[in-house]
Every structure is written in C-alpha cells, then in structure tokens.
Amino acid sequence: PPPPRPTPPAITLRYSGVLGSSGSRMAVLYSGEDVILARIGDTVEKQFRVLDIGYDWVKIGYVDPQFEDQYQKLRMGP
C-alpha cells in the first residue's frame, strides 16, 4: 500500500472577531498573546493562509502545496 499521507501542522490560532465592512474584512486572530489582523489571502505565521472570513468564523488553509485541499474553519471563541 502507499505510505500514509503527511499530516498538516496543527492550527493553534484563535479567532476573536472581524473588523471592517463586508468588502474589506479583517480577521482578528490570536497566536498566544499576539494579536494578528489578516485579510483574505494573507499568510499568517508563514504556514497558514486566510481563505475566507465570516462574521463568527474564519477559514484557514495551508501555504504548503501538499495541504492545499485542507483547511479548518475556526469559530469565534475565547
């Protein structure tokens, strides 16, 4: 059988909310105690990419092409 597919890195970001209007939304993310503001298409922490931003969620994918079809939807939370 083929070798198992590699596992993407864990997304440890937390989603706190959104800033801006529907045409220029920015996700408010936390990495530990650091606040990160990111728009759709922005790279975060060199390995994650913001794919979409909703009111109470953000869709985070991966920069690495081997994981391009994988993502996580982070819900707003503490």
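No experiment lies behind these values; they were computed from the predicted model shown. (Residues numbered from 1 in each chain as written. Predicted model: local features only at pLDDT ≥ 70, side-chain atom pairs only at ≥ 80, totals over all residues. Heavy atoms only, no water.)

### What to know about the pattern of salt bridges
Taken as a whole and assessed by the stated rule, the structure comprises two salt bridges. For Arg5, the salt bridge identified is with Asp69, shortest N-O distance 2.9 Å. Residue Arg5 is located in the segment before β1 (14-19), and its partner Asp69 is located in the loop between β6 (57-62) and β7 (71-75); the two are separated by 64 residues in the primary sequence. Asp56 is paired through a salt bridge with Arg75; the nearest N and O atoms lie 3.7 Å apart. Here Asp56 is found in the loop between β5 (48-53) and β6, whereas its partner Arg75 is found in strand β7, with 19 residues between them in sequence. The class for Asp56 is partly exposed, based on a relative accessible area of 34%. (Salt bridge = Lys/Arg side-chain N within 4 Å of Asp/Glu carboxyl O. Helix = DSSP H or I, 4+ residues; strand = E, 2+ residues; numbered from the N terminus. Buried < 20%, exposed > 50% of the residue type's maximum accessible area, 1.4 Å probe, protein only.)

### Notes on the sheet that holds β1
Reading across from one edge, β1-β2-β3 is the order of the three strands in this open sheet, with antiparallel pairing throughout. Since the sheet does not close on itself, it has two edges, and those belong to β1 and β3 (34-38), each with one partner. Here the average twist between neighbouring strands, direction ignored, is 25°. Bridging between strand β2 (residues 26-31) and β3 involves five bridges; their strand directions are antiparallel. Counterpart to Val28 in the pairing with β3 is Leu37. (Pairing = 2+ DSSP bridges. Axes fitted to C-alpha atoms, helices over the stretch in contact; angles between N-to-C directions.)

### Remarks on the nonpolar core
By size, the foremost hydrophobic cluster in this structure holds 16 residues, and its most contacted members are Leu13, Leu29 and Val58. Going through the elements one at a time, β2, β3, β5 and β6 are the ones with two or more residues in this core. Residues in contact with Leu13, not counting those within four places in the same chain, are Leu29, Tyr30, Ser31, Ile36, Val44, Glu45, Phe48 and Leu74. (Core = buried A, V, L, I, M, F, W, Y, C linked by side-chain atoms within 4.5 Å. Contact = heavy atoms within 4.5 Å.)

### As for the pairing of β6
Burial analysis of β6 places five of its six residues in the buried class, the great majority of the element. In this sheet, β6 lies alongside β5 in antiparallel orientation, the contact comprising five bridges. Across the sheet, residue Asp52 finds its bridge partner in β6, namely Lys59. Linkage of β5 to β6, two consecutive antiparallel strands, is achieved through a turn of three residues. Pairing of β6 with β7, which is carried by five bridges, proceeds in the antiparallel orientation.

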